[in-house]
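In case you want the letters, here they are:
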Amino acid sequence: MGSPIKDSGNQVVFLKHRLNAFMDLLEAIDPEEADLEDIDRMIAIVEEMDAKCREFKNRELKEAE
């Protein structure tokens with residue numbers, strides 16, 4: 001695991017990369033052939049991005065104190 005991303009610019013870049021990975025996955029999935037595993041993978045990516053947003057927000061709040 002890498003070191004924490006503290007710079008807000010780098011946080012945005014990280015989230016953009018994850019969002020692009022999600023978009024690539026979404027584009028690659030054929031709606032007629034998508035299975036539960038594909039949907040679970042997409043949900044996991046969205047949950048990871050949500051967790052990272054919360055982590056970044058909490059880190060900023062702690063640094064502001």
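Refer to the structure printed above.
Definitions and cut-offs
Residues numbered from 1 in each chain as written. Predicted model: local features only at pLDDT ≥ 70, side-chain atom pairs only at ≥ 80, totals over all residues. Heavy atoms only, no water. Helix = DSSP H or I, 4+ residues; strand = E, 2+ residues; numbered from the N terminus. Rg over C-alpha atoms; globule rule 2.2 N^0.38 Å. Buried < 20%, exposed > 50% of the residue type's maximum accessible area, 1.4 Å probe, protein only. Phe/Tyr/Trp six-rings, centres within 6.5 Å; stacked < 30°, edge-to-face > 60°. Lys NZ or Arg CZ within 6 Å of the ring centre and 35° of its normal.

Novice: Looking at this structure, how should I read the overall build of the chain?
Specialist: Helix and strand content of the chain: two helices and zero strands. At 15 Å, the chain has a C-alpha radius of gyration far larger than the 11 Å of a compact globule built from 65 residues. Its C-alpha atoms give the chain principal-axis dimensions of roughly 50 × 20 × 20 Å. Counting the 65 residues in the chain, one finds 15% classified as buried.

Novice: Hey, could you run me through the packing of aromatic side chains in this one?
Specialist: Centre-to-centre distance and the angle between the planes together describe a pair of aromatic rings. Under the criterion given, the structure shown has one aromatic pair. Centre to centre, the rings of Phe14 and Phe56 are 6.2 Å apart; their planes meet at 85°, and the pair counts as edge-to-face. With a gap of 42 residues between them, Phe14 in helix H1 (residues 8–28) and Phe56 in helix H2 (residues 36–64) connect regions that are remote in the sequence. A relative accessible area of 4% places Phe56 in the buried class. The ring of Phe14 has Lys52 lying over it, and the distance from NZ or CZ to the ring centre is 5.5 Å.

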